[in-house]
Amino acid sequence: MAAPDGGNAVDTVLMVVSELFTNAVRHAGGVTRVELKAGAGTVTVAVHDAGPLPPRPRPMDATGPGMFGWQLVQDRSIDVWVQVHASGKTVTAVVPCLPRESFRWADEQDRR
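So, how was this worked out
Residue numbering note: each chain is counted from 1, following its sequence as written. In keeping with the predicted nature of the model, local features appear solely for residues at pLDDT of at least 70, side-chain atom pairs appear and are counted solely at 80 or more, and the whole-chain, interface and lining totals rest on all residues. Hydrogens are left out, water is left out, and the side-chain values use all remaining heavy atoms of the structure. Counting from the N terminus, the helices are the DSSP runs of H or I reaching at least four residues and the strands are the DSSP runs of E reaching at least two. Given the number of residues in a helix, its expected span is that number minus one, multiplied by 1.5 Å. Three labels apply to residues, based on accessible area from a 1.4 Å probe with only protein chains included: buried if under 20% of the type maximum, exposed if over 50%, partly exposed otherwise in between. The arc refers to the directions leading from the helix axis to the C-beta atoms. Note on contacts: a residue pair is in contact if any heavy atoms of the two residues lie within 4.5 Å. Pairing between strands is defined by DSSP: at least two bridges between them are needed. As a rule, the C-alpha atoms of each element are fitted with a line to give its axis, helices using only the stretch in contact, and angles between N-to-C directions run from 0 to 180 degrees.

Here we come to helix α1 (residues 9-27). With 19 residues, α1 should reach 27 Å at 1.5 Å per residue; the first-to-last C-alpha distance of 27 Å fits that figure. Those residues of α1 lying buried are A9, T12, V13, V16, V17, E19, L20 and A24. Projected down its long axis, α1 shows its buried positions confined to an angular sector of 160°, all on one face. Exposed positions of α1 whose direction lies more than 90 degrees from the buried face are L14 and R26. Turning to α1, the residues buried within the fold contact β1 (31-39), β2 (42-49), α2 (69-76) and β4 (88-96). Of the residues trailing α1, G29 is marked for its positive phi of about 80°.

As a further point, take the sheet that holds β4. One open sheet holds the 4 strands; their spatial order is β1-β2-β4-β3, and the pairing between them is antiparallel. Looking at strand neighbours, the two that pair on one side only are β1 and β3 (79-85), the edges of this open sheet. The sheet shows a mean angle of 15° between the axes of neighbouring strands, direction not considered. Strands in contact with α1 are β1, β2 and β4; relative to β2, the strand with the most contacts, it is inclined by about 10°.

This is the structure:
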């Protein structure tokens, strides 16, 4: 899979999963479920946790670790939403992905 910007969409999906998972562990008491769903040109990542509070942006601190994951998730996804429910919340991100075959024509043109 390739990302629309030419990067590797697998790496992007893994980064989004990692950031949402880490945020749930660090700020919401842990993960209760993770879902990945492939769609037409997308992968939807949903991370469920027991925390009732939605994620919030935090000020960047160049001297400390982290504090930019939520922004990364938003930047690399075409849609992000939070659904609060009785047992906590679900944070969902839709990551754009293109099948590698989409680039075959461009690759063939480059070789000519």
